[in-house]
Amino acid sequence: MDERDTLARIAAGDEAAFHQFYNAYADRIHRFALTMLRSRHLAEDVVQETLLAVWKGAQRFRGTSKVSTWVFGIARNQALSLLRREARAARDQLPPMVEPDPAIAITRQERVLAALDRLPEEQREVVFLAFYEGLSYRDIASMMEIPEGTVKSRMYHAKRALLEYLR
Amino acid sequence: MTDCERAEELIPWYVAGSLSDEESGELAMHLATCDPCRAELARMVPLAMDLQAALGTVPGAPTELRETVTESAKRSGAPGIDVGSFLLGLSMGMSASGRGDPLQGDLRILGRKVPLFRLQQGGTERD
């Protein structure tokens, strides 16, 4: 079933279609939100609010972008809204996304996540959307309502930093 | 911007597989004649693979969240256009259904949903 058809069914109140959509997106939105916010509690809120927004607003999808671009745009707005709501000081006290046990040898994946964690938030989200979701710089620029050059610049700096951290 | 600067800018997107065919072709032509940019590509490929693998290990949504979201969706009512007066506690919701019922409606009285009518193909059914 095409994702656009699924959205059309959700707009018509089809709960089975909503379950299907949940299965397709909940984990991905959670990973995105956790990568951005570094808080499981906030990431769950983003999943919930994003999917409820899809349930209530599926009819607002105009079909001018990929469904995933639309959904991650909603998720990003929800995440930014939560970020604004949370005191920055409190957020900075949250543990990093991956806390390696010093007694256990750190894996390559943990090193990569730790390096990702050192990037500024606006670079982390571009890296996630490009490499995990496969969105183009045009998609990301459209979603974030910023110039394409800004997206490419964020990727450029993220890549440089990651190569340096993982050297 | 030099060809190499533009190539370096495009290489991450090339490796991620999201460049347009035109941009991919343009980059491939440059890479064919530029050793430093080929070296940059060689650095970027394992980084991209590492990132994809690592991001895949970030936890997905917890199992119990499914029920929470589903219940919240049910409580929020069917998607559609609500009209009416919240002050009076009355509203009428109308939504299209994709399962043979092109139109259905309900009346909400102080938050309780009361089925009102269901317009089926070929006629109107009143509850």
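Thresholds, definitions, all that
The residue count restarts for each chain, going from 1 along the sequence in the order it is written. As a convention, the first chain written is A and the first ligand written is 1, with the rest following in written order. Local features in this predicted model are restricted to residues of pLDDT 70 or higher, and side-chain atom pairs are both shown and tallied only at a pLDDT of 80 or more, whereas totals for entire chains, interfaces and linings draw on every residue. As a rule here, side-chain values cover all heavy atoms of the structure and leave hydrogens and water aside. Runs of E in the DSSP output that reach at least two residues are strands. Runs of H or I that reach at least four are helices, and both are numbered from the N terminus. Residues count as neighbours in contact if any of their non-hydrogen atoms are within 4.5 Å of one another. Note on areas: these come from Shrake-Rupley sampling with a 1.4 Å probe, and a residue is covered only by the protein chains present in the view. Every axis in this analysis is a line fitted to C-alpha atoms, fitted for helices over the stretch in contact. Angles between the N-to-C directions lie between 0 and 180 degrees. Orientation categories follow fixed angle ranges, with anything under 35 degrees roughly parallel, anything over 145 roughly antiparallel, 65 to 115 roughly perpendicular, and all other angles oblique. Left-handed describes a crossing whose near helix is turned anticlockwise from the far helix by less than a right angle; the clockwise case is right-handed. By the convention adopted, Pro, Cys, Tyr, Trp, Phe, Met, Ile, Leu, Val and Ala count as nonpolar, Lys, Arg, Asp and Glu as charged, and the other residues, Gly among them, as polar. Defined here as a combined quantity, buried area equals the accessible surface (1.4 Å probe) lost by two parts on assembly, summed across both. Any Lys or Arg side-chain nitrogen located within 4 Å of an Asp or Glu carboxyl oxygen qualifies as a salt bridge. Polar contacts, as counted here, are pairs of nitrogen or oxygen atoms within 3.5 Å of one another; within protein the pair requires one atom able to donate a hydrogen and one able to accept it, and residues that are adjacent in sequence qualify only if both atoms are side-chain atoms. Accessibility here uses a 1.4 Å probe with only protein chains present; expressed as a share of the type maximum, an area under 20% marks a residue as buried, one over 50% as exposed, and anything in between as partly exposed. Multiplying 1.5 Å by the residue count of a helix minus one yields the expected span of that helix. Cysteine sulfur pairs qualify as disulfides if the two atoms are within 2.5 Å.

1. Quick look at the overall build of chain A
1) Next: Looking only at helices and strands, chain A has nine helices and zero strands in total.
2) Next: Scanning chain A from its N terminus toward the C terminus, one meets helices and strands in the order α-α-α-α-α-α-α-α-α.
3) Next: Considering only intrachain contacts with a sequence separation of at least 6, the fraction spanning at least 24 residues in chain A is 65%.
4) Next: Surface accessibility of chain A: about 7800 Å² in total, with carbon and sulfur atoms responsible for 46%.

2. Comments concerning the packing of helix α4 (residues 67-85) of chain A against helix α8 (residues 137-144) of chain A
All names here are of chain A.
1) Next: In contact at an axis separation of 9 Å, α4 and α8 are set at 45 degrees when each is read in the N-to-C sense. Taken together, the axis directions place α4 and α8 in an arrangement best described as oblique. The way α4 lies across α8 gives a crossing that is right-handed. Listed contacts from α8 to T69, F72, G73 and R76 of α4 are D139, M143 and M144.
2) Next: Residues belonging to the contact of α4 with α8 are distributed by class as follows: three nonpolar, two polar and two charged.

3. So, the interface of chain A and chain B
1) Next: If you look at the interface, chain A gives 51 residues, while chain B gives 45 residues.
2) Next: The largest contributions to the chain A side of the interface with chain B come from Y22, F131 and K159 of chain A, which together make up 16% of the buried area.
3) Next: Between chain A and chain B we count seven salt bridges in total.
4) Next: Measuring nitrogen to oxygen at the nearest pair gives 3.2 Å for the salt bridge that ties R138 of chain A to E23 of chain B.
5) Next: On the surface where chain A and chain B come into contact, there are 18 residue pairs in polar contact (both at pLDDT 80 or more).
6) Next: Looking at the side of chain A that touches chain B, the elements with two or more residues in it are α1 (3-11), α2 (15-37), α3 (40-57), α6 (108-117), α7 (121-132), α8 and α9 (148-165) of chain A.
7) Next: The greatest single-element share of the side of chain A that touches chain B, amounting to 11 residues, is contributed by α2 of chain A.

4. Some words on the side chain of H30 of chain B
Residue and element names in this part refer to chain B.
1) Next: One can find H30 in helix α2 (residues 21-31).
2) Next: The exposure class assigned to H30 is buried, which follows from its relative accessible area of 14%.
3) Next: Leave out the neighbours within four places in its chain, and H30 touches D3, C4, A7 and C37.

5. What to know about α9 of chain A
1) Next: Its 18 residues place the ends of α9 of chain A 26 Å apart at the C-alpha level, agreeing with the 26 Å of an ideal helix rising 1.5 Å per residue.
2) Next: Of the residues making up α9 of chain A, those classed as buried are V151, K152, M155, A158, K159, A161, L162 and L163 of chain A.
3) Next: Contacts from the buried residues of α9 of chain A go to α6, α7 and α8 of chain A together with α1 (3-16) and α3 (35-55) of chain B.

6. Here's the deal with the pattern of salt bridges
1) Next: All told, the structure shown has 17 salt bridges over all chains when counted by the stated rule.
2) Next: Between E9 of chain B and K152 of chain A there is a salt bridge, with the nearest N and O atoms lying 3.4 Å from each other. On the criterion of chain membership, the pair formed by E9 of chain B in helix α1 and K152 of chain A in helix α9 is interchain, its members lying in two chains. An identical accessibility class is assigned to E9 of chain B and K152 of chain A; each is buried.
3) Next: Its salt-bridge partner being E164 of chain A, residue R167 of chain A comes within 3.1 Å of it at the nearest N-O pair.
4) Next: Salt bridges sharing partners connect three or more residues here, namely K159 and R160 of chain A together with E8, E40 and R43 of chain B.

7. Structural notes on the state of the cysteines
All names here are of chain B.
1) Next: All told, the structure shown has zero disulfides over all chains when counted by the stated rule.
2) Next: For C4, which is in no disulfide, the shortest distance to another cysteine sulfur is to C34 and amounts to 3.6 Å.
3) Next: The thiol of C37 is unpaired, and the distance to the nearest cysteine sulfur, on C34, comes to 3.6 Å.

8. Some words on the packing of α2 of chain A against α3 of chain A
Residue and element names in this part refer to chain A.
1) Next: Taken N-terminus to C-terminus, the directions of α2 and α3 make an angle of 145 degrees; their axes are 8 Å apart at the nearest point. α2 and α3 meet at a crossing whose hand is right-handed. Every residue of α3 that contacts α2 at E15, F18, F21, Y22, A26, I29, H30, A33, L34 and L37 is listed here: R40, L42, A43, E44, V46, V47, T50, L51, V54 and W55.
2) Next: When the residues that make up the contact of α2 with α3 are grouped by side-chain class, the tally is 15 nonpolar, two polar and three charged.

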